[in-house]
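Given next are the chains, with one letter for each unit.
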Amino acid sequence: MQRVAVYRTVYGVFAILNIAIFTSLWVQSRYGSPDNMRLLDWGANYVPLTLTGEPWRLFTDAFLHANWIHLLANLYMFVLLGGTHGWSMAVCLDLRAVRARGQSV
C-alpha cells in the first residue's frame, strides 16, 4: 500500500511539473501553440545544439509539448502504462522514448 502511495506521489509531481512547464510556455506564446524557436529556447532537442555542448536537451525535451492535447495524451498514457505494467516500467518506457528521440533526430 505504501508503495502505491509513493508511485502516486511521483506521478503527481511529474504531472504538476509537466502542466506547469506547458502552462508557462503557453502563456509566453500568447495562449497558443508555441512555435519552433520558442521550443528551442525552452530546451527542445535539436541535434546540432545537442551535439555541440547542450546534452541537457535530451532531458528537457521530455517536458515540452506542442499543445494541450499532446500534454494530456502523454499524461494519460503514462497513467495507463503505470497501471498495467507498473510505474517503474512506465518511467523506463518514458525515458527510453526520450533516448530514442535523441538518437533518431
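Residues numbered from 1 in each chain as written. Predicted model: local features only at pLDDT ≥ 70, side-chain atom pairs only at ≥ 80, totals over all residues. Heavy atoms only, no water.

Brief notes about unusual backbone geometry
Threshold: Only DSSP runs of H or I with at least four residues qualify as helices, and only runs of E with at least two residues qualify as strands; both kinds are numbered from the N terminus onward. Three labels apply to residues, based on accessible area from a 1.4 Å probe with only protein chains included: buried if under 20% of the type maximum, exposed if over 50%, partly exposed otherwise in between.
One non-glycine residue with positive phi stands out, namely Arg-30, at about 60 degrees. Mapped onto the elements of the fold, Arg-30 is located in the loop between helix H1 (2-28) and helix H2 (36-41). Although it is not a glycine, Tyr-31 adopts a positive phi angle of roughly 60 degrees. Checked against the element boundaries, Tyr-31 lands in the loop between H1 and H2. With a relative accessible area of 55%, Tyr-31 lands in the exposed category.

Some points on the packing of aromatic side chains
The line we're drawing: Here the aromatic set is Phe, Tyr and Trp, taking the six-membered ring for Trp, and pairing holds for ring centres within 6.5 Å; pairs whose planes are under 30 degrees apart are stacked, those over 60 apart are edge-to-face, and all others are tilted.
Within this structure, the stated rule accounts for five aromatic pairs. Consider the rings of Trp-26 and Trp-68, whose centres lie 5.4 Å apart with planes at 80 degrees: the pair is edge-to-face. With Trp-26 in helix H1 and Trp-68 in helix H5 (residues 68-85), this pair connects stretches of sequence that are 42 residues apart. Relative to Phe-63, the ring of Phe-59 lies with its centre 5.2 Å away and its plane at 65 degrees, an arrangement referred to as edge-to-face. Residue Phe-63 is classed as buried on the basis of its relative accessible area of 11%. Joined through ring pairs, the aromatic side chains of Phe-22, Trp-26, Tyr-31 and Trp-68 make up one cluster.

Re the environment of Ala-15
Residue placement: Ala-15 occurs in helix H1. A relative accessible area of 11% places Ala-15 in the buried class. Along the chain, Ala-15 and Asn-74 lie 59 residues apart, while their C-alpha atoms are 9.7 Å from each other.

Thoughts on the confidence of the model for the chain
So the rule is basically this: pLDDT measures the predictor's confidence residue by residue and takes values from 0 up to 100.
Mean pLDDT over the chain: 81, with 73% of residues reaching 70 or higher. Considering each helix and strand of the chain separately, the mean pLDDT is smallest for helix H6 (residues 87-104), with a value of 58, and largest for H2, with 94.

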